Amino acid sequence: MDLVYKDFVSSFMFNANSAVSGIIFFKLARKWPLLMEKWSKVELSLENYGNNNRYQKRKFVVIISVIMSAAIVEHILSILHVSQIPNENSNKLEAYFLTNYPHLFNFFEFSIPLAIFATVMNICNVFSWNFLDAFLIIISIALTEKFHQVNDEIHIQRHWMKLREDYNKISILCKIVNKEIADLILVSFATNMFFIMSQLYWSLNQHKTTTIESIYFCFSFGLLVLRTVAVTLYASNINDESKKSMSYLFSLNSNTYNSEIERFAYQIHCQPVALTGHDFFKITRGLLFSMAGAIVTYELFLVQSNIVASY
Amino acid sequence: MSVNIRKKVAMSGSKPTTRPPTTHNCLRIVLITAQAMGNFAIDNLRAEEPGKLKFKFKSWKVLHTALFSFAYLFCASFSLYKSLTVGILLNQLISPLFYFHSFITSLLFLQLAYRWPHFMAQWSKIEIHLLKNYKATTDLSKKINYSAVTMILVALLEHTLAVCNFVYSSNCQNSSTGAEHLFKKEFHFIFNYMPYHFIFGLLLTFISWTATFLWNFADVFIVLISMIMTERFRQINQKIKINVEEVNSSSNDSSASFIKVYNTDFPKAEYKLWRQIREDYNNLNNIMSHLDQILSNLVLLSYSFNLTFILVQLFNSLRQMDSVIEGIYFFYSFGFVIARIVTVSIFGALINEESQAAMPYLTSLPTEFYNEEIQRLITQIHVDSAALTGHNFFRITKGLVLSVAAAIITYELVLIQFNQATLNKYMTANETICF
């Protein structure tokens, strides 16, 4: 399978990812006001807590700027990488567009408006690909912060009934958010896994010639892996944070222990809170290893079936 | 006594009342169709009460089933014999697998028919009670009939493509014309060893179509029963949800919740209602485990044969495709088996999901309405959630789809590794293997 096939498959997945996530975001935007209403009701009951997560906005800004700047660097590197592939075409600009967007320029003639359209589309694709992961990370941080507030409050104030009810409200909020963003999680994980596998597979077949090619490959692949790991770790924080108070509740003095605490501890045990992708998999820390195992297995299968097919 | 007779006479001119959507009534049409294909050998399927269902070993329906089973075994052994003499190429195994699957399915359905009346007797009592006290959430009987028809039609389309593939493929040429040519090509594994006769060919065609129906009926049956059970759990969950929302909306002044003193007696707790709900949930759980016992064999059979088919077809995909129709048939049949295993997994997993769906509502009850019955219910939902298992080997949840995918890839790797000789034979595209 040569370079042309690889380009077609990659650009198809790239564009399909943007299209599908665009549709899902549109559907989510319609339900967003209702979701925010429910969210703010939960936050209203938490507003008297000591730890008021003042730094949340700063965290969001940092995350988005890091991810987007990495994406810009990777985009620039990809432009450099494509423009230095040797080509017979005299017009440098035309050569760049013909190599980079074969899915358009194999069917249409080269023209300036089409080139502008292709560039704009490419930037939109890169943005939405990264925005999906950034959005998931931000939602995970926001939900984790709620649990963090309750966990801190247990140590300060001991109003068990209100604490249990607040924990319950946050659990239900997590379930509602999980239902809304289930499609986004599936799309993000599927796309990331697909790109990791295909990048790994193509890099095993090709020999890197120039320095800029190896820099580009290392940076792009590393960024991909880092993003997947970041989404998984931040999302699994929700699961971890929700379980933190369990040991504290059990180590309370027998004089303070009452059936409200028992109900609280039982709820933490019975109703594990986690983001799932439509209940297909639960995002916990162990998911990282499962994903690594799955990638290795599928990679082996691809390599084997390619050896077979190339007889 | 005379009042009853007068009532009967008065009512005989009235319109027939629609039957309640119990399992017996919803599955009636599907099971009668299956009986026509020589399958579910139970008497009195059209009766109103499920208590009248009976299974007798010495009946015409059992003889009908036995004849069909023998026919499937006949076809299966001949095709296996042919593929063994040619040398086992994995492509040859599709026909024997198909007929063996139908044969074992017909035996398992005989076993299911033996246990069905006892199960229905137990289940119908609980079901009538549930239908009386819990509102239905969907039109179950319409849903079941439409799903069954859709799944069977898709399966019949697959068999049509298979027949076209056999008939138009370039292998297994023979020198006859017309109907004889068609029959000899389609049933080459039989007509290689036995003399040709037109009636025999027609009979074999009929057997192959009923085998297709049976091949899919196991999966269709599991899906339909899962739909019914999910609906029952959903009915209970709906009642819990309504009650909890009522309670939460009536005690909405949150400022008072700080002042309430924790006390051990619950004047407002509705013991009777929650006890009833808990007992109904418990009965449903028990029936699920009984159902799981009866269906285990079918579930195991369905998953193992689907998995084997996918492995064989995936291995065959590494071969060159000669003609367009071969390509179409291969992709459709491969996609079809994958769709089947995914459908069975998802519908089976819905039972597990629905049995645990009441938890968020139960945990949101405020303290003064919480009582021992609710705690017992929460414990039961958490510890003992209902699910279909295959003889307790695995539980059908949504995560099973991913496990199945991983298993397929792993076993496929093993197959490729140990079948290099076969692959070399495949790669030389001018082999005349007649499959």
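Please read all numbers here as calculations on a predicted model, not as lab measurements.

Parameters at a glance
- Residues numbered from 1 in each chain as written.
- Chains lettered and ligands numbered in written order.
- Predicted model: local features only at pLDDT ≥ 70, side-chain atom pairs only at ≥ 80, totals over all residues.
- Heavy atoms only, no water.
- Contact = heavy atoms within 4.5 Å.
- Buried area = accessible area lost by both parts, 1.4 Å probe.
- Salt bridge = Lys/Arg side-chain N within 4 Å of Asp/Glu carboxyl O.
- Polar contact = N/O pair within 3.5 Å; in protein donor to acceptor, adjacent residues only side chain to side chain.
- Helix = DSSP H or I, 4+ residues; strand = E, 2+ residues; numbered from the N terminus.
- Phe/Tyr/Trp six-rings, centres within 6.5 Å; stacked < 30°, edge-to-face > 60°.
- Buried < 20%, exposed > 50% of the residue type's maximum accessible area, 1.4 Å probe, protein only.
- Patch = residues over 30% accessible without salt bridge, like charges linked within 9 Å, V, L, I, M, F, W, Y side chains within 5 Å.
- Areas by Shrake-Rupley, 256 points an atom, 1.4 Å probe, with all protein chains shown as cover.
- Lys, Arg positive; Asp, Glu negative; His and termini not counted.
- Charge placed at Lys NZ, Arg CZ, Asp CG, Glu CD.
- UniProt positions renumbered as here; feature names shortened; annotations may be inferred.
- Core = buried A, V, L, I, M, F, W, Y, C linked by side-chain atoms within 4.5 Å.

### Side note on the interface of chain A and chain B
Step number 1: On the side of chain B, 36 residues touch chain A, which itself brings 29 residues to the contact.
Step number 2: Area buried by chain A at its contact with chain B is led by A:Arg263, A:Phe280 and A:Phe301, which between them contribute 23% of it.
Step number 3: Applying the counting criterion to the chain A and chain B interface returns zero salt bridges.
Step number 4: Here chain A is connected to chain B by nine residue pairs in polar contact (both at pLDDT 80 or more).
Step number 5: Among the secondary structure elements, those contributing two or more residues to the side of chain A that touches chain B are α6 (160-205), α9 (259-270) and α10 (287-309) of chain A.
Step number 6: The element that contributes the greatest number of residues to the side of chain A that touches chain B is α9(A), accounting for eight residues.

### A few points about the packing of aromatic side chains
Residue and element names in this part refer to chain A.
Step number 1: Scanning the model with the defined rule gives 42 aromatic pairs over all chains in all.
Step number 2: Ring geometry for Trp32 versus Phe135: centroids 6.0 Å apart, planes at 50 degrees, classification tilted. Pair noted here: Trp32 is in helix α1 (residues 3-45) and Phe135 is in helix α5 (residues 112-156), with a separation of 103 residues, a long-range link.
Step number 3: Looking at Trp32, the relative accessible area reads 30%, which means it is partly exposed.

### Re a positive patch on the surface
Step number 1: The grouping of A:Lys38, A:Lys41, A:Lys179 and B:Lys241 at the surface amounts to a positive patch.
Step number 2: Tracing the backbone shows B:Lys241 in helix α9 (residues 198-250).

### Looking at the environment of A:Leu300
Step number 1: Mapping A:Leu300 onto the fold places it in helix α10.
Step number 2: Sequence separation of A:Leu300 and A:Ser10 is 290 residues, and the distance between their C-alpha atoms is 20 Å.

### Considerations on the UniProt feature "transmembrane region" (unreviewed entry) in chain A
All names here are of chain A.
Step number 1: UniProt tags residues 12-29, 60-82, 110-143, 181-202 and 214-236 as "transmembrane region" (unreviewed entry).
Step number 2: For residues 60-82, helix accounts for 100% and strand for 0%, while the C-alpha atoms at its two ends are 33 Å apart.
Step number 3: Helix and strand shares over residues 181-202 are 100% and 0% respectively, and the end C-alpha atoms of the span are 32 Å apart.

### Describing the side chain of B:Thr205
Step number 1: Mapped onto the fold, B:Thr205 is located in helix α9.
Step number 2: Ignoring any residue separated from it by four or fewer positions in sequence, one finds B:Thr205 in contact with B:Phe183 and B:Phe187.

### What to know about the pattern of salt bridges
Step number 1: All chains considered together, the criterion is met by 14 salt bridges over all chains.
Step number 2: In this structure, A:Asp166 engages A:Lys162 in a salt bridge whose closest nitrogen and oxygen atoms are separated by 2.9 Å. Of the two residues, A:Asp166 and A:Lys162 both sit in helix α6, four residues apart, roughly one turn of that helix. You'll find A:Asp166 and A:Lys162 in the same group, each marked buried.
Step number 3: Residues B:Arg278 and B:Glu373 are paired through a salt bridge, measuring 2.7 Å at the closest nitrogen-oxygen approach. Pair noted here: B:Arg278 is in helix α10 (residues 271-316) and B:Glu373 is in helix α13 (residues 372-383), with a separation of 95 residues, a long-range link. Take B:Arg278 and B:Glu373: they sit in the same class, and that class is buried.

### Some remarks on the nonpolar core
Step number 1: Counting residues in hydrophobic clusters, the biggest one holds 120 residues, and the most contacted among them are B:Trp116, B:Phe221 and B:Leu298.
Step number 2: No other element matches α9(B), which puts 22 residues into this core.
Step number 3: Non-local contacts of B:Phe221, meaning those with residues more than four positions away in its chain, are made with B:Leu27, B:Leu31, B:Phe40, B:Phe109, B:Leu112, B:Trp116, B:Leu295 and B:Leu298.
Step number 4: Core analysis: the next-biggest nonpolar cluster, separate from the first, contains 61 residues, A:Ile67, A:Phe147, A:Val177 and A:Ile268 among them.

### As for the environment of B:Leu112
Residue and element names in this part refer to chain B.
Step number 1: Counting through the fold element by element, Leu112 comes out in helix α5 (residues 94-133).
Step number 2: Here Leu112 falls in the buried class, since its relative accessible area comes to 2%.
Step number 3: With 231 residues separating them in the primary sequence, Leu112 and Thr343 have C-alpha atoms 22 Å apart.
Step number 4: Setting aside anything within four residues of it in sequence, one finds Leu112 in contact with Phe40, Phe221, Ile294 and Leu298.

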